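Breakdown of the fold
What follows is each chain in one-letter form.
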Amino acid sequence: MPRWLNRNVWGMTITSMLSDACYEMVLAVLPGFLPIIHVAAAALGWIEGASDAFSSFLKLFSGWYSDKLGRRKWLIVLGYLFTGTGLSIFSVAVTWIPILLGRVVSWFGKGIRGSLRDAMLSESVDAEVRGRAFGFHRAGDTVGAIVGPLAGIALLSILPREFPNAGPDIPFRTIFLLSLIPGLSAPLVFAFMVRETPRRPRPGMKLVASIRQLPRAFRRFLGGVGMFGLGDFSPTLLTLAAATLLRSTHGPIRAAQLAAVLYVIRNVVYAGASFPIGALADRMAKLPLLSGGYLCEAIAAGAVALLFRGTSAAFPILAAVFVVSGIFAAAKDTLEGAIPPDLTGEDLRGTVYGTLGAVNGAGDLISSALTGTLWTMASPVVAFGVAASLMALGAVAVLWTPIRSPVRGGTAIQ
């Protein structure tokens, strides 16, 4: 077994796999549920944007607080507990309000643990193999994002036959409750498998002062990430687009199933590409790889805009779009995790990842809300066309970051 594939890397990977299986099971079928309770694309865009932004701004606070406290593990366990239980609230939804509440509760947990887990992962391996560790983690994470939607698709096929006299909403509500099984398993795995080496507490550490200490190169990197984030809408909107384009040909239930299959295809590509991209990043410049990943999503959004110029789209064409989007997801999540330590030192590692999360959160709020609103108020052609343009600009902007050799320091946790 490679030296970098240690207990912590395994523990975090299995935890993320279970957590992803929980919420991806829900998110894969959610676009098919929303029309049943009459929730519009604009509402979904604002819900996705607001919850993602709330989560990401919490990453800034939790990252800074963990640097100040000198510990991260039990905050992460608490975060996974919230993430694993929040989406079950969807089971009682008859309007958009419980959808928003469930998203906020779940993404509250995601906000607590996201930056802290990445900081712990970066501290658990040596600098020269950091890309592989993040790639392996993202690949395992995405296995859950494959298993979850597949379970949702299977249940969406089985449950209507088991309850033939139930309303069309009952299979969806049952899936939301069943998501608690992997959701509650995730914090238990993290608690028992992951080891933490406590760091020196810094009780006098101030949030604003810590942000001001971040290196100029990292701030330049955040500018490119933020520009891209203005167009980087939630993948739930991409799945909703597929369900909408397929509905006229296949009907609402079948279209929801096919859209979920497309989401699984995206996640299969995401899982398969994450480790190769991470390993490649350990051997060459990371920024061009990230820029190329950003361009993939711009191309995918542009393709969706073109498809909406008609009234429907063939499944193979949509599959190609989701494949390109999967390559983007692998590059973004692997490289945005691996690049920050090359630009910063160890002392503010939680604050570094928290600030990155906050920038992504601002982009999530604007991009998902903008895309959903333009879709409803103007047209999906305009919505996805604007998103593609903003993401292309971000792909160029991120290349302006001055980057040096990876910063080394500390001892990896074995």
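Residues numbered from 1 in each chain as written. Predicted model: local features only at pLDDT ≥ 70, side-chain atom pairs only at ≥ 80, totals over all residues. Heavy atoms only, no water.

**A short note on the overall build of the chain**
Assigned secondary structure in the chain consists of 16 helices and zero strands. Overall size of the chain, expressed as C-alpha extent along the three principal axes, is 60 × 40 × 40 Å. The proportion of buried residues among the 414 residues of the chain is 59%. In the chain, which carries 35 positive and 22 negative side-chain charges, the distance between the mean positions of the two groups comes to 4 Å. (Helix = DSSP H or I, 4+ residues; strand = E, 2+ residues; numbered from the N terminus. Buried < 20%, exposed > 50% of the residue type's maximum accessible area, 1.4 Å probe, protein only. Lys, Arg positive; Asp, Glu negative; His and termini not counted. Charge placed at Lys NZ, Arg CZ, Asp CG, Glu CD.)

**Overview of the pattern of salt bridges**
One pass over the full model with this rule turns up nine salt bridges. Here Arg132 and Asp282 are joined by a salt bridge, their closest N and O atoms 2.9 Å apart. Within this pair, whereas Arg132 is found in helix H5 (residues 130-162), its partner Asp282 is found in the loop between helix H11 (252-281) and helix H12 (286-307), the two being separated by 150 residues in sequence. When its relative accessible area of 19% is taken as the criterion, Arg132 is described as buried. We note a salt bridge from Lys332 to Glu336, for which the minimum N-O separation is 3.2 Å. With a gap of four residues between them, Lys332 and Glu336 both fall in helix H13 (residues 315-338), about one helical turn apart. Overall, the relative accessible area of 12% leaves Lys332 in the buried class. A residue is classified by how much of its surface remains accessible, and Glu336, at 5% relative accessible area, is buried. Here the residues in one salt-bridge network are Asp67, Arg72 and Glu123, joined through shared partners. (Salt bridge = Lys/Arg side-chain N within 4 Å of Asp/Glu carboxyl O.)

**Brief notes about the packing of helix H10 (residues 235-250) against H13**
At a closest axis distance of 11 Å, the pairing of H10 and H13 adopts a crossing angle of 175°. By the criterion of interaxial angle, the relationship of H10 to H13 is roughly antiparallel. Across from Leu238, Thr239, Ala242, Leu245 and Leu246 in H10, the residues of H13 making contact are Phe315, Leu318, Phe322 and Ser325. (Axes fitted to C-alpha atoms, helices over the stretch in contact; angles between N-to-C directions. Parallel < 35°, antiparallel > 145°, perpendicular 65-115°, else oblique. Contact = heavy atoms within 4.5 Å.)

**Details of helix H9 (residues 216-229)**
Helix length check: H9 (14 residues) gives 20 Å between terminal C-alpha atoms against 20 Å at 1.5 Å per residue, within 8%. All of the buried residues in H9 are Ala217, Phe218, Phe221, Leu222, Gly224, Val225, Gly226, Phe228 and Gly229. Residues of H9 that are buried in the fold lie against H12, H13, helix H14 (340-343), helix H15 (349-377) and helix H16 (380-397). (Expected span 1.5 Å × (residues − 1).)

**A short note on the packing of aromatic side chains**
On inspection of all chains with the given rule, the structure shows 17 aromatic pairs. Ring geometry for Tyr80 versus Phe190: centroids 6.0 Å apart, planes at 35°, classification tilted. Separated by 110 residues along the polypeptide, Tyr80 in helix H3 (residues 73-86) and Phe190 in helix H7 (residues 180-193) bring together distant segments of the chain. One residue, Arg103, lies across the ring of Trp107, its end atom 4.0 Å from the ring centre. (Phe/Tyr/Trp six-rings, centres within 6.5 Å; stacked < 30°, edge-to-face > 60°. Lys NZ or Arg CZ within 6 Å of the ring centre and 35° of its normal.)

**Comments concerning the packing of helix H1 (residues 7-33) against helix H4 (residues 96-123)**
Where H1 contacts H4, the axes come no closer than 12 Å and their chain directions differ by 155°. Taken together, the axis directions place H1 and H4 in an arrangement best described as roughly antiparallel. Read as a crossing pair, H1 and H4 show a hand that is left-handed. Of H4, the residues touching H1 (which contributes Asn8, Val9, Met12, Ser16, Ser19, Tyr23, Leu27, Leu30 and Phe33) are Ile99, Arg103, Trp107, Lys110, Arg113, Arg117, Met120 and Leu121. Split into classes, the residues belonging to the contact of H1 with H4 amount to ten nonpolar, three polar and four charged. (Left-handed = near helix turned anticlockwise from the far one by under 90°. Nonpolar A, V, L, I, M, F, W, Y, C, P; charged D, E, K, R; others polar.)

**Some points on the environment of Thr244**
Looking at the secondary structure, you find Thr244 in helix H10. Residue Thr244 is classed as partly exposed on the basis of its relative accessible area of 26%. Separated by 175 residues in sequence, Thr244 and Leu69 place their C-alpha atoms 47 Å apart. Setting aside residues no more than four positions away along its own chain, Thr244 makes contact with Phe308 and Trp375.

**A few points about the nonpolar core**
One finds Ile99 and Phe221 to be the most contacted residues of the largest nonpolar core, which totals 83 residues. Once you skip the residues sitting within four places of it in the chain, Phe221 turns out to touch Leu287, Leu290, Ile339, Pro340, Leu343, Leu356, Val398 and Thr401. Residues Trp4, Met12, Ala119 and Val194 belong to the second largest nonpolar core, which totals 22 residues. (Core = buried A, V, L, I, M, F, W, Y, C linked by side-chain atoms within 4.5 Å.)

**Quick look at the side chain of Thr355**
Within the element layout of this structure, Thr355 appears in helix H15. Those residues in contact with Thr355, other than ones at most four positions away along the chain, are Leu60, Ile211, Leu214, Phe218 and Leu222.

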